[in-house]
Amino acid sequence: MNKTVKTILICGICIILLVAAGFASFFANRVPMNPDGTVGNSAGNINNEGLFCEYDGRVYFSNSEDQGCLYSMKPDETDVKQLNKMEVRNILAGGKYLYFYQTGSASESGLGQIEGMRSFCRSGLNGSNVITLTRDVVVTGQLVNNYLYLLTTKSADISFYKLKIDRSEQVDLASYNINPACARDGIIYYNGTQDNHYLYALNTSNDVASELWRGNLWYPALDGDYIYYMDVANNYRLCRYSLSMNEIQVLTNDRVDCFNVGSGYVYYQKNDSVSPQLRCMRTDGSDNRMIAEGNFTHINMTSQYVYFQPFGDDITTYHSPLGSSAYSVFAPRKD
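What this report covers is the structure whose coordinates are included nearby. Numbering of residues starts from 1 in each chain and follows the order in which that chain's sequence is written. The predicted origin of the model limits local features to residues at a pLDDT of at least 70 and limits the giving and counting of side-chain atom pairs to 80 or more, whereas totals for whole chains, interfaces and linings rest on all residues. Water and hydrogen atoms were dropped before computing side-chain values, which therefore reflect all heavy atoms in the structure.

## A look at the overall build of the chain
Thinking step 1. Comment: elements are numbered from the N terminus, with helices defined as DSSP H or I runs of at least four residues and strands as E runs of at least two. Across its full length, the chain carries two helices and 27 strands.
Thinking step 2. Accessibility here uses a 1.4 Å probe with only protein chains present; expressed as a share of the type maximum, an area under 20% marks a residue as buried, one over 50% as exposed, and anything in between as partly exposed. Looking at the chain as a whole, 49% of its 335 residues are labelled buried.
Thinking step 3. Intrachain contacts of the chain at a sequence separation of at least 6 include 39% that bridge at least 24 residues.
Thinking step 4. A total of about 15,700 Å² of accessible surface is found on the chain, and carbon and sulfur atoms cover 49% of it. By the convention used here, residues are in contact when the closest approach between their heavy atoms is within 4.5 Å. Accessible surface area values rest on a Shrake-Rupley calculation with a 1.4 Å probe, where residue burial reflects the displayed protein chains alone.

## Quick look at the sheet that holds strand 14 (residues 199–203)
Thinking step 1. DSSP-based pairing: two strands are paired if at least 2 bridges between them are found. Here four strands make up an open sheet; going across it, the order is 12-13-14-15 and the pairing antiparallel. The sheet terminates laterally at strand 12 (182–184) and strand 15 (208–213), the two strands that pair on one side only. In this sheet, adjacent strand axes meet at a mean angle of 25° when their direction is disregarded.
Thinking step 2. Where strand 12 meets strand 13 (residues 187–191), three bridges bridge the pair, whose relative direction is antiparallel. Across the sheet, the residue bridging to Arg-184 is Ile-187, located in strand 13. Helix axes are fitted to C-alpha atoms over the stretch in contact, other axes to C-alpha atoms as well, and angles between N-to-C directions run from 0 to 180 degrees.

## With respect to the pairing of strand 16 (residues 217–223)
Thinking step 1. When strand 16 meets strand 17 (residues 226–231), the two strands line up antiparallel, connected through five bridges. Within strand 17, the residue paired with Leu-222 across the bridge is Ile-227.
Thinking step 2. Linking strand 16 back to strand 17 in an antiparallel pair, the connection comprises two residues, with Gly-224 at a positive phi of about 65°.

## Thoughts on the pattern of salt bridges
Thinking step 1. Salt bridges are counted wherever a side-chain nitrogen of Lys or Arg sits within 4 Å of a carboxyl oxygen of Asp or Glu. Overall, the coordinates contain nine salt bridges when judged by the stated rule.
Thinking step 2. In this structure, Asp-231 engages Arg-237 in a salt bridge whose closest nitrogen and oxygen atoms are separated by 3.0 Å.
Thinking step 3. Two residues, Arg-289 and Asp-287, come together in a salt bridge whose shortest N-O distance is 2.8 Å.
Thinking step 4. With relative accessibility at 44%, the residue Asp-287 sits in the partly exposed group.
Thinking step 5. Via salt bridges that share partners, Arg-58, Asp-79 and Lys-81 belong to a single interconnected network.

## So, the environment of Asn-253
Thinking step 1. Assignment of secondary structure puts Asn-253 in the loop between strand 19 (248–252) and strand 20 (256–262).
Thinking step 2. The exposed category is assigned to Asn-253, whose relative accessible area is 61%.
Thinking step 3. Separated by 19 residues in the primary sequence, Asn-253 and Asn-234 have C-alpha atoms spaced 8.4 Å apart.

## Some remarks on the packing of aromatic side chains
Thinking step 1. Stacked, edge-to-face and tilted are the three classes for Phe, Tyr and Trp ring pairs, Trp counted by its six-membered ring, which pair at centre distances within 6.5 Å; planes under 30 degrees apart are stacked, over 60 edge-to-face, the rest tilted. Throughout the structure, instances matching the rule amount to 19 aromatic pairs.
Thinking step 2. Seen from their ring centres, Phe-296 and Tyr-318 are 6.3 Å apart, and the 80° between their planes marks the pair as edge-to-face. Here Phe-296 is found in strand 24 (residues 296–301), whereas its partner Tyr-318 is found in strand 26 (residues 318–321), with 22 residues between them in sequence.
Thinking step 3. Members of the aromatic cluster, each reached through a chain of ring pairs, are Phe-52, Phe-61, Tyr-71, Tyr-305, Tyr-307 and Phe-330.
Thinking step 4. We call a charge positioned above a ring when the Lys NZ or Arg CZ atom is no farther than 6 Å from the ring centre and deviates by at most 35 degrees from the ring normal. Between the NZ or CZ atom of Lys-162 and the centre of the ring of Tyr-147, over which it lies, the distance is 4.3 Å.
Thinking step 5. It is Arg-240 that lies over the ring of Tyr-226; its NZ or CZ is 3.7 Å from the centre.

Structure representation (structure tokens):
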């Protein structure tokens, strides 16, 4: 074999190896898109800091007993695993990834540039391969199909935008408060914050918003055919609005600080200067009863439990089986 032929062969092999390496890198870094209908978490959980998120047989949660670090477990609270050492909230899940807001705290070193910096991140379902998507301060966010809809602040400015999960696209949508927590079938339901508190629907296929109902509501949460909400005009009592029947049902006349709905139950914090209580009722308002005396917040729900924290105490978390009147301290232990 002469020298020219050998040189050509070597160059050809090098080119083939470079092309192969390029393809390998492309597929290794490619973010697979999500199936239609993907929603990252329930509105009730997101409106309560998004500390718990159930997805595909696992519950991902911020462990208040371990500085808010990201953990996972089965819905029955077994098989507890620590995923990473970031303090997180606004946990979302869809496809092959988790998304969460890293609040700027970490329990130990070794997290590279992410440690100690507030950021909205993407990771594998096991908590590995953490990627920073934005360093904007995220007030609240939701995953709808292949986009993250984020309400953020920077200095004194508010921005609502969508960010594709692979970071290839970012589109500004509004410069005022839009809460994207309530979503289903590609539609985001939110209350107005400018001239009224009507119910609006944002079609994420074209990002066009339309007026849906001239109510006076706050924190809409969709469950079945109903939008559950706090009635602003009537002392923030809890009501539900039927999308198909265009009817309102008052569920309780208690003034409500926060609530969550799912699996046939509504949990809410009753605002009362004399006797504040965490209460539970059926989704139609029946069987209303007290769960715990005192002021509680961050009401998160999974398919089997409700979780809540005393107001002003971010370390203690209580849990109660859905429908039960008993509760106790939630103390997960790694298996």
